[in-house]
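Here is what each chain is made of, one letter per residue.
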Amino acid sequence: MSQRRNDPKAQDSSENTDHSEANIRPSIAIRMIRHAESKNNEVYRKARQLFKGGTPEFDADGWNEYVDRCRSADPGISSTGVKQAEMLRDYLVPHLDNQSSHPVRIITSPMRRTMETILPTLQNLKGDAQIIVNGLYFESEGCHIKNQPLPGMNQYEIKEFLSSATASNPPSFVGFDEDPTMGWYSYGTGPETRSQSENRAAAFYTWLCDYLDMQLESHDVDEDLFDAGVTLEEEQNEHEGDKLSPKIRRRRTAVLVGHGDFMSLVLKRIVAGFGHCVENDGVPHRSAFVHFNSEITELEYFGKGRFLLMQSNSVPHLKNDLSLMTGGGLKDGWAYLIPSDRNVLYAEVACKFADEHEKHVMEQVNALKNLYLDNVRKGSLLQRRCSSSEITEDRKETDTSIMGDVDGNAEMIFVVKRGLQVAGSVSFDEEKGIMSHMVVRPSSKGENIEVDLIKAVTKHAVKMNKKEIYAVLH
């Protein structure tokens, strides 16, 4: 039996008011940046145009031949990417020099295109930068050409590559082999699989939280770790939306330079906290974050895995130049991250007691009931919010008159799930043999969800030696 340390339920309620203005909430400013356009981005964009990607006329042979001939394992940035990196520099240098404490923490992927993206900024910063090259932060699929792995740059090569900006403060390395002559992808056996990318994203997310947590431990002594939500008297004329002008108090800042798809995998874990899980092994999740080349996503980190997503996919440095806004549209292939119907429409029936189902399952079950059961009986959800206590009592009376006092521990919840999505559910009281609260998504009507649920309940009732079951209609 697990025991909770510092259980908030055991504390006086007055000590558990997290919304109190008396609480101090120091945070670290996070800037997640996608690399500027790479030469491979350019290759794939042209390939979609030449071979009609995503259409019935798609030329698969032509696509494969062109990509195999033109794609690089670890490409640099394109001519458009060079312009994006220069404009990013013109934005980041005053932002970091005027508003960030020094050294600025720079965490970069070991891939060439990310380092080429941030290098102009590093070369022009007035203050110091502490650079970490993280061997976990490379793009999904890794470093390969024609399905054959390449080792990628090693520590010596990366130091040389960054030397024009880091001669006095060379980078440190995380996630590399102890042998500095080994490339960051030396142990790759080919293109990384989706499952491997997901596992690596979980590892990087865990490392990132620990890295930031260790910095926040010194918030009571370090002047650059403070509650940025508090405005001091001398800061009255500062505007939070001004990202370039000098600030009286400079903040601890971490800049992460990475890749579109892998950043999305990390951000999903950031947004979900520690509750993110892979829906179908080896298949992309049903949602993703999209990123322009050289975009900036701003977050605040408050410790112990607590993030605020302040702004996503922002490109203020590109100044609305549409020719430079690349890599962030449907024509750039992002729809390929959406799993096919066969992966998200496969349905299975799960049966557990209500308190044994995962929280996200019961959240969906209750949402369906609120929308499509109580709606019939008591009007819209918005109308019911105004008199919830009255409705709760009425609901109790109605349910009791139909079913008697139901022991919640005896109620089984049957659900039809498509991956993590609940398509329908029904409740079954094992003691009384009563089936109730059948609810199915309107979009799933006609798919025999009701039949599957009834069959599952009947099969379970037979195992429980129930000779009769009753259905309550709502």
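Everything discussed here concerns the structure shown above.
All figures in this text were calculated on a predicted structure; none of them were measured in a lab.

Novice: So what exactly am I meant to see when it comes to the overall build of the protein here?
Specialist: Along the backbone of the protein there are 13 helices and 14 strands. Looking at the protein as a whole, 45% of its 474 residues are labelled buried. Within the protein, contacts between residues at least 6 apart in sequence are counted, and of these 75% link residues at least 24 apart. Summed over its atoms, the accessible surface of the protein is roughly 25,400 Å², and 50% of this surface lies on carbon and sulfur atoms.

Novice: Honestly, the nonpolar core in this entry has me stumped. Any pointers?
Specialist: Formed by 30 residues in total, the largest nonpolar core has its most connected members in I106 and I158. Elements supplying a minimum of two residues to this core: α3 (79–99), β2 (104–108), α4 (112–124), β3 (129–134), α5 (155–166) and β7 (253–258). With five residues, α3 is the largest single contributor of residues to this core. Setting aside residues up to four positions removed in sequence, I158 forms contacts with P110, M115, V133, M153, F173 and F176. The next biggest cluster of nonpolar side chains, apart from the first, holds 28 residues, and it includes I132, Y205, L225 and F289.

Novice: Hey, could you run me through the pattern of salt bridges in this one?
Specialist: For side chains bearing opposite charge, pairing can occur when the charged atoms are close. Applying the stated criterion across every chain yields a total of 14 salt bridges. For R89, the salt bridge is made with D90, and the minimal N-O distance between the two is 3.0 Å. The network of salt bridges with common partners includes D222, D224 and R252.

Novice: Where do I start with the sheet that holds strand β13 (residues 434–440) in this structure?
Specialist: Adjacent strands of a sheet pair through backbone hydrogen bonds, lying either parallel or antiparallel. Pairing within the open sheet is mixed, and its five strands lie in the order β10-β11-β12-β13-β14. The outermost strands of the open sheet, each flanked by one partner alone, are β10 (347–353) and β14 (470–471). Here β10 runs beside strand β11 (residues 411–418); their pairing, made up of seven bridges, is antiparallel. Bridge pairing in β11 places C351 opposite F414. Relative to the sheet, helix α9 (residues 359–372) contacts β11, β12 (421–429) and β13, its axis offset from that of β12 by approximately 85°.

Novice: Quick question: what am I supposed to make of the sheet that holds β3 here?
Specialist: Pairing is mixed in the open sheet, where seven strands are placed in the order β6-β3-β2-β7-β1-β8-β9. In this open sheet, the two edge strands, each paired with only one partner strand, are β6 (172–174) and β9 (306–314). Between one strand and the next, the sheet's axes are offset by a mean angle of 20°, whatever the strand orientation. Here strand β8 (residues 296–303) pairs with β9 via six bridges, running antiparallel. Considered in β9, the bridge of E298 is made with Q311. Lying on the sheet, helix α7 (residues 260–272) is in contact with β1 (28–34), β7, β8 and β9; it crosses β1 at an angle near 150°.

Novice: Can you walk me through the environment of Q215 in this structure?
Specialist: With respect to the helices, strands and loops of the structure, Q215 is situated in helix α6 (residues 194–216). For the pair Q215 and L225, spaced 10 residues apart in sequence, the C-alpha to C-alpha distance is 8.8 Å. Residue contacts for Q215: discarding those within four places in its chain leaves I28, R105, L225 and R252. Looking at Q215, its side chain comes within polar contact range of the side chain of R252, at 2.9 Å.

Novice: Which parts of the structure should I look at to understand the side chain of S444?
Specialist: Structurally, S444 is set in the loop between β13 and α13 (449–463). When neighbours within four sequence positions are excluded, S444 is seen to be in contact with R418, A423 and I449.

How each quantity is defined
- Residues numbered from 1 in each chain as written.
- Predicted model: local features only at pLDDT ≥ 70, side-chain atom pairs only at ≥ 80, totals over all residues.
- Heavy atoms only, no water.
- Helix = DSSP H or I, 4+ residues; strand = E, 2+ residues; numbered from the N terminus.
- Buried < 20%, exposed > 50% of the residue type's maximum accessible area, 1.4 Å probe, protein only.
- Contact = heavy atoms within 4.5 Å.
- Areas by Shrake-Rupley, 256 points an atom, 1.4 Å probe, with all protein chains shown as cover.
- Core = buried A, V, L, I, M, F, W, Y, C linked by side-chain atoms within 4.5 Å.
- Salt bridge = Lys/Arg side-chain N within 4 Å of Asp/Glu carboxyl O.
- Pairing = 2+ DSSP bridges.
- Axes fitted to C-alpha atoms, helices over the stretch in contact; angles between N-to-C directions.
- Polar contact = N/O pair within 3.5 Å; in protein donor to acceptor, adjacent residues only side chain to side chain.

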